[in-house]
Amino acid sequence: MVTELFAPALYETLFPVGISRYVVGGVLVGLGAVVIYLGTGIPAGASTFLESTLSYVSDQSRFQQYVSSRDWRVVFTLGIIAGAFVYALTVQSGLVSSGLYEPGTTGQLYDVGGVTLWLTDVQPWRLFLGGILVGIGTRIGKGCTSGHGVCGVGSASKTSIVGVITFLIVAIGTAQVVMALGVTP
C-alpha cells in the first residue's frame, strides 16, 4: 500500500512538470531558515517586519519589543524583495535559462529596455486587497506561513501545526470557491 503512494503515475498527476523546482525552492527556504536561526536564535518569519520597522519611529512598547532584532528583520525582508527582483530580471526575463521555470498563465511578457519582464494581469485593487487580508491574517494567526510553516512545523510546535492545517484548509477552500465562481484576474 505504501509503495502505491509513491507510484510514478501519482507524481505525474500531482507534479506534471516535475518536482525539481519544488525541491530546489524547499532546500533554499530551509537553508535560509537555518542560517537565520543559527545567526540570531530567532525563528525566521516575515510577518513581524512591519511592527519591527515601526519600532524605529514609535516608542510604544508593542513595537519596542523588536528593537534588538529589527535590523536583521529589515535585511530579511529586503532580501525577499531583492531575491524576487533578481529572479524576475534574470530567469523570468529569459536572460538566464532554467528548466525550473515556466512562464505564468496570468500575465504578459513585456520588453523594457532590452529586458523581457513578466507583469501580472491581476488587477491592482485585488493585489492590494489580498495584501491587506494576508496582513490581517498573519496578525490574527500570530505569524505567517514562513514562520509557522517552515520554522514552527520544523520544530514540532503544536500551535504552528494547527496554524498550517488551518492555512491549507482555508486556502484550498478559497481556491475552490473562486474557481467555481469563475473569477479571473
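Here's what I pulled together on the structure shown here. (Residues numbered from 1 in each chain as written. Predicted model: local features only at pLDDT ≥ 70, side-chain atom pairs only at ≥ 80, totals over all residues. Heavy atoms only, no water.)

**Considering the layout of surface pockets**
Of the volumes computed, that of the largest pocket is approximately 500 Å³. Surrounding the largest pocket, 15 residues form its lining, G25, L28, V29, G32 and I80 being those nearest its centre. Mapped by element, the contributors of at least two residues to the lining of the largest pocket are α3 (20–40), α6 (70–92) and α8 (145–154). A per-element tally of the lining of the largest pocket places α3 first, with eight residues. Across the lining of the largest pocket, the residue classes tally to 10 nonpolar, four polar and one charged. (1 Å grid on protein atoms, 1.4 Å probe; cavity = no way out; pocket = protein on both sides within 12 Å on 5 of 7 lines; lining within 4 Å. Points joined across faces, edges and corners; volume = space filled by probe spheres on them. Helix = DSSP H or I, 4+ residues; strand = E, 2+ residues; numbered from the N terminus. Nonpolar A, V, L, I, M, F, W, Y, C, P; charged D, E, K, R; others polar.)

**Overview of unusual backbone geometry**
One non-glycine residue, K142, adopts positive backbone phi at about 55°. On the secondary structure map, K142 appears in the loop between α7 (124–140) and α8. Since its relative accessible area comes to 67%, K142 is described here as exposed. The residue A156 is not glycine, and still its phi comes out positive at about 60°. Within the secondary structure, A156 is located in the loop between α8 and α9 (158–181). Look at A156 and you get exposed, because its relative accessible area is 54%. (Buried < 20%, exposed > 50% of the residue type's maximum accessible area, 1.4 Å probe, protein only.)

**Digging into a nonpolar patch on the surface**
Among the surface-exposed residues, Y11, V17, I19, Y22, V23, V27 and L31 lie close enough to one another that they form a single nonpolar patch of about 620 Å² accessible area. Examining the composition of the nonpolar patch, we find that four residues originate from one element, α3, more than from any other. Checked against the element boundaries, Y11 lands in helix α2 (residues 8–14). Accessibility expressed as a relative area gives 37% for Y11, which makes it partly exposed. (Patch = residues over 30% accessible without salt bridge, like charges linked within 9 Å, V, L, I, M, F, W, Y side chains within 5 Å. Areas by Shrake-Rupley, 256 points an atom, 1.4 Å probe, with all protein chains shown as cover. Salt bridge = Lys/Arg side-chain N within 4 Å of Asp/Glu carboxyl O.)

**Observations regarding the packing of aromatic side chains**
Counting across every chain of the model gives one aromatic pair. For the ring pair W72 and F76, a centre distance of 6.1 Å and an interplane angle of 65° mean the geometry is edge-to-face. Remark: F76 and W72 occur in helix α6; sequence separation between them is four residues, near one turn of the helix. By the burial criterion, W72 is buried, and F76 matches it. Looking at R70, its charged tip hangs above the ring of Y56, at a distance of 4.1 Å from the centre. (Phe/Tyr/Trp six-rings, centres within 6.5 Å; stacked < 30°, edge-to-face > 60°. Lys NZ or Arg CZ within 6 Å of the ring centre and 35° of its normal.)

**Focus on α6**
In this model α6 runs 31 Å from its N-terminal to its C-terminal C-alpha over 23 residues, within 8% of the 33 Å that 1.5 Å per residue would give. Phi turns positive one or two residues past the end of α6, at G94, with a value near 95°. (Expected span 1.5 Å × (residues − 1).)

**So, the packing of α8 against α9**
Packing of α8 against α9 brings their axes to within 9 Å, and their N-to-C directions diverge by 130°. When the interaxial angle is binned, α8 and α9 end up oblique. Note on packing geometry: the crossing formed by α8 with α9 is left-handed. Residues T145, H148, G149, G152 and V153 of α8 touch α9, and the partners they reach there are S160, I161, V164 and F167. (Axes fitted to C-alpha atoms, helices over the stretch in contact; angles between N-to-C directions. Parallel < 35°, antiparallel > 145°, perpendicular 65-115°, else oblique. Left-handed = near helix turned anticlockwise from the far one by under 90°. Contact = heavy atoms within 4.5 Å.)

**Overview of the state of the cysteines**
Following the criterion strictly, the structure yields zero disulfides and no others. Summary of cysteine pairing: C151 is not part of a disulfide, and the nearest cysteine sulfur, belonging to C144, is at 8.7 Å. What makes C151 buried here is its relative accessible area of 15%. (Disulfide = S-S within 2.5 Å.)

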